Amino acid sequence: MSQLVIALDVDEAAAAERLVDELYELDPIFKIGLEALYGYGDRLFAYFEARDVRYFVDAKLHDIPNTVARAMRRLVRPGAHIVNVHALGGGEMMRAAVDAARERADELGCTPPHVFAVTILTSIAPEDLPELGLRGGPGENATRLAALARDAGCTGVVCSAHEVRDLKAFFGGDFLTLTPGIRPRGSAHGDQKRVVTPAEAVAAGSDYLVVGRPITNAANPWAAAKAILDEMKA
Ligand code: C5P
């Protein structure tokens, strides 16, 4: 069943905490991104844990395998449901992340987080790929990196909902997908270019739907999140 991930992209810890208070009864997964992680990560983790909520650490780890493994050990906690890495860090780095997640979870007696891989950032245009030394289009590169992530033991990839059907056909239903760029009909697109509705993302087979501003900027975030959950179940 598809699950809702709410991106807490706010610059103050108190604002993130207010959103958690308002929304946790709907049992979403909360996403903590780089800004919150560097700005007020420990405070927010403690807040999540006091309310027993699940969260996704959008850490996008990308460094040498040893450093990534050590960072991963710091991020594994009982509520950490997902932690992600950059597939461009390489197979050995991703394997180190997956192994460290499992080992640390064993030590803590908790379930290891899913390790997801970011393939090609959606902010990278096709014409940007050659200067990075990458041949082929974004789709080709994303598929190749997804295969590398799967072989390294990652649970799935971050991708557009438009790519879910192909990825599932290629790698099987057990290889999970986490999709941003979700917009309920009638809500502002903001900077997201190729959006899909919650119902379309569920129909495509997306496992985790990431939604930020349509909920966090709503006059009533609870009602906005509830409407998305209802649409996902319909
Ligand atoms: O507010 P909005 O629903 O656009 O938020 C989407 C979230 O997903 C943001 O935290 C954004 O950084 C993240 N994201 C994305 N596109 C990607 C990867 C991550 O929008 N390709």
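Relevant structure appears above.
It should be emphasised that the depicted structure is a prediction, and the values quoted were computed from it without experimental measurement.

**Q** Looking at this structure, I do not really get the pairing of strand 1 (residues 3–7). What am I missing?
**A** The side chains of a regular strand alternate, residue by residue, between the two faces of the sheet. The element strand 1 is largely enclosed, with a buried count of four among its five residues. In the sheet, strand 1 pairs with strand 8 (residues 208–211) via four bridges, with the strands oriented parallel. Considered in strand 8, the bridge of V5 is made with V210. By the bridge criterion, three bridges tie strand 1 to strand 2 (residues 29–32) in an arrangement that is parallel. When the bridges of strand 2 are listed, V5 appears paired with I29.

**Q** Please clarify how helix 1 (residues 13–23) should be interpreted in this entry.
**A** Side chains of residues three or four places apart in an α-helix project in the same direction, reflecting 3.6 residues per turn. Buried residues of helix 1: A13, A15, A16, E17, L19, V20 and L23, and no others. Those residues of helix 1 hidden inside the fold are in contact with strand 1, strand 2, helix 2 (34–50), helix 8 (213–216) and helix 9 (221–233).

**Q** How should I be thinking about the site of the ligand in this particular structure?
**A** As a structural note, the neighbourhood of the ligand is formed by A7, D9, K31, T122, P180, R183, Q192, V210, V211, G212, R213 and P214. Measuring from an oxygen atom of the ligand, one finds a side-chain N or O atom of D9 at 2.7 Å. A distance of 2.7 Å is found between a nitrogen atom of the ligand and a side-chain nitrogen or oxygen belonging to T122. Here the ligand has 460 Å² of accessible area as a free molecule, and 80% of this is covered by the chains. If you list the elements that add at least two residues to the shell around the ligand, you get strand 8 and helix 8.

**Q** Sorry if this is basic, but what is going on with the pairing of strand 7 (residues 176–179) here?
**A** Side chains of strand 7 alternate between two faces, with L176 and L178 and T177 and T179 buried alike. As paired elements, strand 6 (residues 156–158) and strand 7 share three bridges and run parallel to each other. Of the residues in strand 7, the one forming a bridge with G156 is L176. Crossover strand 6 to strand 7 through helix 6 (residues 164–171) is right-handed.

**Q** In this structure, what is going on with the packing of helix 5 (residues 138–151) against helix 6? I would like to understand it.
**A** Helix-helix packing is characterised by the crossing angle of the two axes and by the distance between the axes. Following both chains from N to C, one finds helix 5 and helix 6 inclined at 45 degrees, their axes separated by 12 Å at the closest point. In terms of axis orientation, helix 5 runs oblique to helix 6. Every pair of crossing elements has a handedness; the one defined by helix 5 and helix 6 is right-handed. Facing helix 5, whose interface residues are T143, A146, A147 and R150, helix 6 presents L167, F170 and F171. The class makeup of the residues in the contact of helix 5 with helix 6 is five nonpolar, one polar and one charged.

**Q** Whenever I open this one, the pattern of salt bridges confuses me. Can you help?
**A** Opposite charge on two side chains permits pairing when their charged atoms draw close. In total, this model carries 15 salt bridges according to the counting rule given. A salt bridge links R43 to E17; the shortest N-O distance between them is 2.7 Å. Here the residue R43 occupies a position in helix 2, and E17 occupies one in helix 1, the gap between them amounting to 26 residues. A relative accessible area of 45% places R43 in the partly exposed class. E17 sits in the buried class, given a relative accessible area of 11%. In this structure, R54 engages D27 in a salt bridge whose closest nitrogen and oxygen atoms are separated by 3.9 Å. In this pair, R54 is assigned in strand 3 (residues 54–61) and D27 in the loop between helix 1 and strand 2, connecting sequence segments 27 residues apart.

What counts, and where the lines are drawn
- Residues numbered from 1 in each chain as written.
- Predicted model: local features only at pLDDT ≥ 70, side-chain atom pairs only at ≥ 80, totals over all residues.
- Heavy atoms only, no water.
- Buried < 20%, exposed > 50% of the residue type's maximum accessible area, 1.4 Å probe, protein only.
- Helix = DSSP H or I, 4+ residues; strand = E, 2+ residues; numbered from the N terminus.
- Pairing = 2+ DSSP bridges.
- Contact = heavy atoms within 4.5 Å.
- Near = heavy atom within 4 Å.
- Polar contact = N/O pair within 3.5 Å; in protein donor to acceptor, adjacent residues only side chain to side chain.
- Areas by Shrake-Rupley, 256 points an atom, 1.4 Å probe, with all protein chains shown as cover.
- Right-handed = clockwise from strand over helix to strand, strands pointing away.
- Axes fitted to C-alpha atoms, helices over the stretch in contact; angles between N-to-C directions.
- Parallel < 35°, antiparallel > 145°, perpendicular 65-115°, else oblique.
- Left-handed = near helix turned anticlockwise from the far one by under 90°.
- Nonpolar A, V, L, I, M, F, W, Y, C, P; charged D, E, K, R; others polar.
- Salt bridge = Lys/Arg side-chain N within 4 Å of Asp/Glu carboxyl O.

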